[in-house]
Amino acid sequence: MTTEAATDSLPRAMAEAAAEIDEALAVLLPPEEGAEAPLYAAMRYATIGGGKRLRGFLVLEGARQFSVSRQAALRVAAAIEMVHAYSLVHDDLPAMDDDDLRRGKPTVHKAFDEATAILAGDALQSHAFTVLAEEDTHADPAVRAELVRCLSRAAGPRGMCGGQMLDMLAERAGSQLDEVAIGRLQTLKTGKLIEFSAEAGAILGKAPLAQRHALLAYGRDLGAAFQIADDLLDATVSAEEAGKATGKDAAAGKATLVGLLGLERARLQAERLVAQAKGHLDGFGRRGDLLRMLADFTIERRS
């Protein structure tokens, strides 16, 4: 593969995956004409269109390593994007981060109302597990149960929600967390869902434990680098570039590695994590090239 082709292949693959995931979401979240129509409209507004679909792309690429059917992988990718969307809808609420802009458009509570946004987030989370539990996702009930178990753990009190709580407590207390505490907070809040996204394809493919662990370790380092990159973007780019409000972390006194280490040291830490992430893919040969490129993209992106 030439350098030019390699540079072009990841954006093209991510764009194609995003379109496929949007199609899957449109099927799994059909428009309703009954009394529940406003709820479905808010759910679709929160999920379909926009976003990098990084988590869904991780599922699809992980599944490709083990020749998993595209339909099965897309259902899991869509389920993870529903959980991610729910977390964003709730994060944007006035009681949380109180944001007006997400992915370049008004947040759900601004486009609809606060109560509808809460219900849309709740419904997206529960519907994601319905999708994972259905036979169309995998013929083996043990695989479906493992997907449900791992995603619920990644999203729950020992994962994303727990990390959000730690973030809120630190902000309320106005305390300066050390590097270890910030790392744990960000691993839970952002990293766990990315870890599961990387691991999900191996679960679907009933992969050997060593390969499943390699993808999990890749996702762990990728998630940590992704969060540092997000914090760097918040500190350095405009709201127009990011598609959401920026500069809020520093204003709110949020605990971030950028705030603790400074811009340059934080960038070096992200680069180190990316190198580690790519190292976990050594056993996948050329089939892992897009995952390696994704690791580089994580810290090179501008939104």
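Look above for the structure.
I will try to describe carefully the structure that is included in this document. (Residues numbered from 1 in each chain as written. Predicted model: local features only at pLDDT ≥ 70, side-chain atom pairs only at ≥ 80, totals over all residues. Heavy atoms only, no water.)

Right, let's talk about the pattern of salt bridges for a bit. If you walk through the whole model with that rule in mind, you get 19 salt bridges. For the salt bridge of K189 with D167, the shortest nitrogen-to-oxygen distance reads 2.6 Å. Pair noted here: K189 is in helix α9 (residues 179-204) and D167 is in helix α8 (residues 160-173), with a separation of 22 residues, a long-range link. Classification of D167 by relative accessible area gives buried; the value is 2%. The residue R286 makes a salt bridge to D289 at a minimum N-O spacing of 2.6 Å. (Salt bridge = Lys/Arg side-chain N within 4 Å of Asp/Glu carboxyl O. Helix = DSSP H or I, 4+ residues; strand = E, 2+ residues; numbered from the N terminus. Buried < 20%, exposed > 50% of the residue type's maximum accessible area, 1.4 Å probe, protein only.)

Right, let's talk about the packing of aromatic side chains for a bit. Inspection of every chain in the model, using the stated rule, returns 2 aromatic pairs. The interplanar angle of 80° and the centroid separation of 5.5 Å between the aromatic rings of Y45 and F112 together place this pair among those described as edge-to-face. With Y45 in helix α2 (residues 37-47) and F112 in the loop between α5 (108-111) and α6 (114-133), the pair connects residues that are 67 residues apart, well separated along the chain. In this structure Y45 comes out as partly exposed when scored by relative accessible area, which is 22%. (Phe/Tyr/Trp six-rings, centres within 6.5 Å; stacked < 30°, edge-to-face > 60°.)

A word on the side chain of H109. Summarising the element assignment, H109 is placed in helix α5. For H109, a relative accessible area of 9% gives the class buried.

Here the focus is the nonpolar core. As a rule of thumb, soluble globular proteins bury nonpolar side chains together. Counting 87 residues, the largest nonpolar core has L58, L147, F196, Y218 and L294 as the members making the most contacts within it. Residue contributions to this core peak at 13 residues, all from helix α4 (residues 70-91). Discounting chain neighbours no more than four positions away, the residues touching Y218 are L58, A198, A277, H280, L281, L291, L294 and A295. (Core = buried A, V, L, I, M, F, W, Y, C linked by side-chain atoms within 4.5 Å. Contact = heavy atoms within 4.5 Å.)

Packing of α2 against α6 brings their axes to within 9 Å, and their N-to-C directions diverge by 75°. By the angle class used here, α2 and α6 are roughly perpendicular. Listed contacts from α6 to P38, L39, A42, M43, A46 and T47 of α2 are T116, L119, A120, A123 and L124. (Axes fitted to C-alpha atoms, helices over the stretch in contact; angles between N-to-C directions. Parallel < 35°, antiparallel > 145°, perpendicular 65-115°, else oblique.)

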